[in-house]
Number of protein chains: 2
Amino acid sequence: MTQKSDHIPRATIQRLAVYVQVLENLLREGTEVISSEPLAKACNVNASQIRKDLAYFGEFGVRGVGYYVKSLIESITSALGVDREWRTVLIGVGNLGRALLNHKEFRLRGFNIVGAFDCDPFKIGEEISGLEVVCTKRLKEKIGENGAEIGIITTPPERAQRAANHLVEAGIKGILNFAPARITVPGDINVEYVDIFHHLYALSFNITFGKTD
Amino acid sequence: MTQKSDHIPRATIQRLAVYVQVLENLLREGTEVISSEPLAKACNVNASQIRKDLAYFGEFGVRGVGYYVKSLIESITSALGVDREWRTVLIGVGNLGRALLNHKEFRLRGFNIVGAFDCDPFKIGEEISGLEVVCTKRLKEKIGENGAEIGIITTPPERAQRAANHLVEAGIKGILNFAPARITVPGDINVEYVDIFHHLYALSFNITFGKTD
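Residues numbered from 1 in each chain as written. Chains lettered and ligands numbered in written order. Predicted model: local features only at pLDDT ≥ 70, side-chain atom pairs only at ≥ 80, totals over all residues. Heavy atoms only, no water.

**Structural notes on the overall build of chain A**
- In terms of regular secondary structure, chain A is built from nine helices and nine strands.
- With the principal axes as the frame, chain A shows a C-alpha extent of 60 × 45 × 35 Å.
- Per-residue burial over chain A gives 53% buried out of 213 residues.
- Contacts spanning at least 24 positions in sequence make up 57% of the contacts within chain A whose residues lie at least 6 apart.
- For chain A, the exposed surface amounts to about 9700 Å²; the carbon and sulfur share of it is 49%.
- Across chain A, the 25 positively charged side chains and the 25 negatively charged ones have centroids separated by 2 Å. (Helix = DSSP H or I, 4+ residues; strand = E, 2+ residues; numbered from the N terminus. Buried < 20%, exposed > 50% of the residue type's maximum accessible area, 1.4 Å probe, protein only. Contact = heavy atoms within 4.5 Å. Areas by Shrake-Rupley, 256 points an atom, 1.4 Å probe, with all protein chains shown as cover. Lys, Arg positive; Asp, Glu negative; His and termini not counted. Charge placed at Lys NZ, Arg CZ, Asp CG, Glu CD.)

Rendered as structure tokens:
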């Protein structure tokens, strides 16, 4: 597979993740081949958008046939760099942290949570989903052992920055932050925010004032 | 407060949610007034962006003083329609559903979860965070009683569409979907997707190929 461009726009990556999700559900239902129109419909985009997004890294559709579901998933995940295991660690073993540690989809999709950390002495030593909760102070040592590259923050907002500092110091390359707080990290560290309330605010606004774009 | 425009762009709503998050953390730390430069820095945007976003619904900064934190939060939440209680129901009492039912931030921010639903007979009747889990077939009846307007879906992907159908039939106006599946609903229903894997894919891509936009 040739990577035609390493400047895939953010909006395209977001849609590619949707395509993978839809394609995986199709595969689960036994669909092996799909043409662009029904695929587009299932993804809530138009067919030309799909063709344009896929053109960033090559050509996939077979004229008169459509897309081979399994091979298209492989091509997209390879283009996104998710065709391998990504080791992750999680800081903050509260309700949300526990739910994510027990979430089967992470491992299924290659994002393997290999460490759980918390600074609460009552949580340290507890076993969740086969992982022992370890003191956050030992993060660097543990990452040296398990080679994790992505850190997941599920602490309360006031502890998010400290968790981020620990992750940066331990040599992590990317952070997925669920805590409702902004964090500051060096420019070479990638940060993604899962902001549930942004979505609830958008719902609230759209219900109150009518749909936005 | 005057609503200057009811066409606030989606990206602005996303940033407004960030401003509220940052302002609430400032308020918690005891900050009463902040000028636009440090506020912009804490939000990872530039000061002119903040001024532009706030201009959609009026003027707030006091020249030479800055923004009054508490009043700015009130203005933004009022502009987004989140200055009141939003009653929500949740379908799918798995790990993530339980975590959200126990998540204090929902109630704190006015998104009160007033019903928990599942079709698993082993879960029906169980009490979580003060709510009794009810059979999903009784959704319409229960929403008639509690007046919920937003539905949260935390089912497995293959049950998401059925949950959405129940919510639409029960008269819900907006859906927050955590299930990794697309759902189809009538055009007047607002849907927001919380797609954790889109963020993980973006991290994976950025770590592998260097930062995108």
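**Regarding the packing of aromatic side chains**
- Following the criterion strictly, the structure yields eight aromatic pairs over all chains and no others.
- With a centroid separation of 6.4 Å and 50° between ring planes, the pair formed by A:Phe111 and B:Phe197 is classed as tilted. One end of the pair, A:Phe111, is in strand E4 (residues 111-118); the other, B:Phe197, is in helix H9 (residues 196-209), on a second chain.
- By relative accessible area, which is 0% here, A:Phe111 ends up buried.
- When the centroid spacing of 5.0 Å and the interplanar angle of 45° are considered together, the rings of A:Phe205 and A:Phe209 count as tilted. With A:Phe205 and A:Phe209 both in helix H9 (residues 196-209) and four residues apart, this pair spans about one turn of that helix.
- On the basis of relative accessible area, A:Phe209 is assigned to the partly exposed category, the value being 28%.
- Three or more aromatic residues joined by ring pairs make a cluster, and in this case those are A:Phe106, A:Phe111, B:Phe197 and B:Tyr201.
- Stacked on the ring of A:Trp86, the Lys or Arg A:Arg84 has its end atom at 3.6 Å from the ring centre.
- Over the face of the ring belonging to A:Phe197 we find B:Arg109, whose NZ or CZ atom lies 4.4 Å from the ring centre. (Phe/Tyr/Trp six-rings, centres within 6.5 Å; stacked < 30°, edge-to-face > 60°. Lys NZ or Arg CZ within 6 Å of the ring centre and 35° of its normal.)

**Re the UniProt feature "DNA-binding region" (unreviewed entry) in chain A**
- The sites that carry the UniProt feature "DNA-binding region" (unreviewed entry) are, in the present numbering, residues 18-57 of chain A.
- Helix makes up 68% of residues 18-57 of chain A and strand 5%, and the two end C-alpha atoms of the span are 17 Å apart. (UniProt positions renumbered as here; feature names shortened; annotations may be inferred.)

**Describing the domain arrangement of chain A**
- Parsing chain A into structural domains produces domain 1 (10-80) and domain 2 (86-197).
- Taking the mean C-alpha position of each, domain 1 of chain A and domain 2 of chain A sit 31 Å from one another. (Domains from an automatic or database assignment.)

**Quick notes on the relation of the copies chain B and chain A**
- Take chain B, turn it by 180°, move it 0.0 Å along the axis, and it overlays chain A with an RMSD of 0.0 Å. This pairing of chains is accounted for by a two-fold axis. Every residue of chain B has its C-alpha some distance from the rotation axis, and the shortest such distance is that of B:Ala99, at 3.1 Å. (Least-squares fit on C-alpha atoms with pLDDT ≥ 70 in both.)

**Remarks on a nonpolar patch on the surface**
- A cluster of nonpolar side chains, A:Val33, A:Val62, A:Val65 and A:Tyr68, forms an exposed patch at the surface whose accessible area comes to about 290 Å².
- Note that A:Val62 resides in the loop between helix H3 (47-54) and strand E2 (67-68). (Patch = residues over 30% accessible without salt bridge, like charges linked within 9 Å, V, L, I, M, F, W, Y side chains within 5 Å. Salt bridge = Lys/Arg side-chain N within 4 Å of Asp/Glu carboxyl O.)

**Overview of the interface of chain B and chain A**
- Across the boundary between the two partners, chain B contributes 68 residues, which contact 68 residues of chain A.
- By the criterion of area lost to chain A, the three top residues of chain B are B:Arg182, B:Tyr201 and B:Ile207, representing 11% of everything that side buries.
- Counting across the chain B and chain A interface gives zero salt bridges.
- The tally of links from chain B across to chain A stands at 20 residue pairs in polar contact (both at pLDDT 80 or more). (Buried area = accessible area lost by both parts, 1.4 Å probe. Polar contact = N/O pair within 3.5 Å; in protein donor to acceptor, adjacent residues only side chain to side chain.)

**Focus on H9(B)**
All names here are of chain B.
- Compared with an ideal rise of 1.5 Å per residue, which puts 14 residues at 20 Å, H9 spans 20 Å between its outermost C-alpha atoms and is within 8% of the ideal.
- A large share of H9 lies buried, amounting to twelve of its 14 residues.
- When H9 is considered as a whole, its buried residues turn out to be Ile 196, Phe 197, His 198, His 199, Leu 200, Tyr 201, Ala 202, Leu 203, Ser 204, Phe 205, Asn 206 and Ile 207.
- Where H9 begins, one side-chain oxygen reaches toward the backbone nitrogen of Phe 197, 3.1 Å away; that side chain belongs to Asp 195. (Expected span 1.5 Å × (residues − 1).)

**Considerations on helix H4 (residues 69-80) of chain A**
- The end-to-end C-alpha separation of H4(A) is 17 Å, in line with the 16 Å expected for twelve residues at 1.5 Å each.
- Taken residue by residue, H4(A) has A:Val69, A:Leu72, A:Ile73, A:Ser75, A:Ile76, A:Thr77, A:Ala79 and A:Leu80 as its buried positions.
- Its buried side turned inward, H4(A) meets helix H1 (10-28), strand E1 (33-34), helix H2 (36-43), H3 and E2 of chain A together with H9 of chain B.
- Positive backbone phi, at 80°, marks A:Gly81, one or two positions downstream of H4(A).

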